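# Structural overview for review
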Amino acid sequence: VYFDYLDGEMLIGRGTWVGQAYLYSHLPLTAGVVALGVGVEHAVEETAGAGLHDATRWVLCGGLALAFAALAAIHRVAAGSRRDSDTWLRLGVVAVALAVALLGGGLGPVAVTAALAAAVAGCVVLELALHDRHSEAAEPTSSPEAFVP
């Protein structure tokens with residue numbers, strides 16, 4: 001999802017803003033992964049109960065949504081193309097995670113984590129399936145003027 005298709009060399013010669021955006025997008029990525037870990041810990045503790053507490057569901061789903069939104073931003077900046085399918089797949093995971101957070105009241109920890117795991121697994125499978133096609137469509141641009149945020 002992250003390390004396979006990104007190369008820092010894609011940022012060379014594209015301007016300071018692109019490098020800064022790439023660098024600072026890692027802060028919400030880290031925060032999202034930490035929140036996701038805390039959410040998983042609480043979800044495991046709540047498996048004996050009838051359902052998942054709302055706060056736990058929001059931390060779990062919000063952590064995943066924040067991490068994948070940051071991954072989408074990192075990939076968008078690195079690829080320099082709005083047409084790249086990886087960015088849109090990652091935003092799809094964000095949408096699923098927020099939908100589960102908003103509409104998942106009353107779901108148990110297993111159902112919530114299964115829905116989130118299915119979204120991430122689907123993203124990875126589609127990314128791998130579309131890799132050859134999207135890597136040709138998202139060739140990095142060499143001039144900073146060609147980047148449109």
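Here is what the cut-offs are and how they apply
Residues numbered from 1 in each chain as written. Predicted model: local features only at pLDDT ≥ 70, side-chain atom pairs only at ≥ 80, totals over all residues. Heavy atoms only, no water. Salt bridge = Lys/Arg side-chain N within 4 Å of Asp/Glu carboxyl O. Helix = DSSP H or I, 4+ residues; strand = E, 2+ residues; numbered from the N terminus. Buried < 20%, exposed > 50% of the residue type's maximum accessible area, 1.4 Å probe, protein only. pLDDT = per-residue confidence, 0-100. Core = buried A, V, L, I, M, F, W, Y, C linked by side-chain atoms within 4.5 Å. Contact = heavy atoms within 4.5 Å. Axes fitted to C-alpha atoms, helices over the stretch in contact; angles between N-to-C directions. Parallel < 35°, antiparallel > 145°, perpendicular 65-115°, else oblique. Left-handed = near helix turned anticlockwise from the far one by under 90°. Nonpolar A, V, L, I, M, F, W, Y, C, P; charged D, E, K, R; others polar.

With that out of the way, let us pick up the pattern of salt bridges. According to the stated counting rule, one finds 2 salt bridges in the structure shown. A salt bridge links Arg57 to Asp54; its shortest N-O distance comes to 2.8 Å. Taken as a pair, Arg57 and Asp54 lie in helix α3 (residues 54-79) at a separation of 3 residues, close to a single helical turn. Of the charged contacts, one joins Arg90 and Glu127 as a salt bridge, the two residues approaching to 3.2 Å between their closest N and O atoms. Linking Arg90 in helix α4 (residues 85-103) with Glu127 in helix α5 (residues 109-137), this pair joins segments that are 37 residues apart in sequence. In this structure, Arg90 and Glu127 share a single accessibility class: buried.

A word on the confidence of the model for the chain. The predicted coordinates ought not to be read in detail in places where the model reports low pLDDT. Chain-level pLDDT for the chain is 80 on average; 74% of the residues reach the 70-or-more range. Within the chain, the lowest mean pLDDT, 73, falls on helix α1 (residues 16-24), and the highest, 93, falls on helix α2 (residues 26-45).

Another point: the environment of Glu46. Tracing the backbone through its elements, the reader meets Glu46 in the loop between α2 and α3. Taking the relative accessible area as the measure of exposure, Glu46 reaches 11% and is therefore buried. Glu46 sits 64 residues away from Val110 along the chain, and the two C-alpha atoms are 9.8 Å apart.

We now examine the nonpolar core. Among the nonpolar cores identified, the biggest contains 28 residues, and Leu29, Cys61, Leu64, Phe68, Val93, Val112 and Leu116 are the most heavily contacted of them. If you tally residues by element for this core, the top one is α3, at 11 residues. Sequence-distant contacts of Val112, defined by excluding residues within four places in its chain, comprise Leu52, Arg57, Leu60, Cys61, Val100 and Leu107.

This part covers the packing of α3 against α4. In the contact formed by α3 and α4, the axes pass within 8 Å of each other and the chain directions differ by 165°. By the angle between their axes, α3 is roughly antiparallel relative to α4. Judged by the twist between their axes, the crossing of α3 over α4 is left-handed. Where α3 abuts α4, its residues Arg57, Trp58, Cys61, Leu64, Ala65, Phe68, Ala69, Leu71, Ala72, His75 and Arg76 lie against Asp86, Thr87, Arg90, Leu91, Val93, Val94, Ala97, Leu98, Val100, Ala101 and Leu102. Residue classes in the contact of α3 with α4 are distributed as 16 nonpolar, 2 polar and 4 charged.

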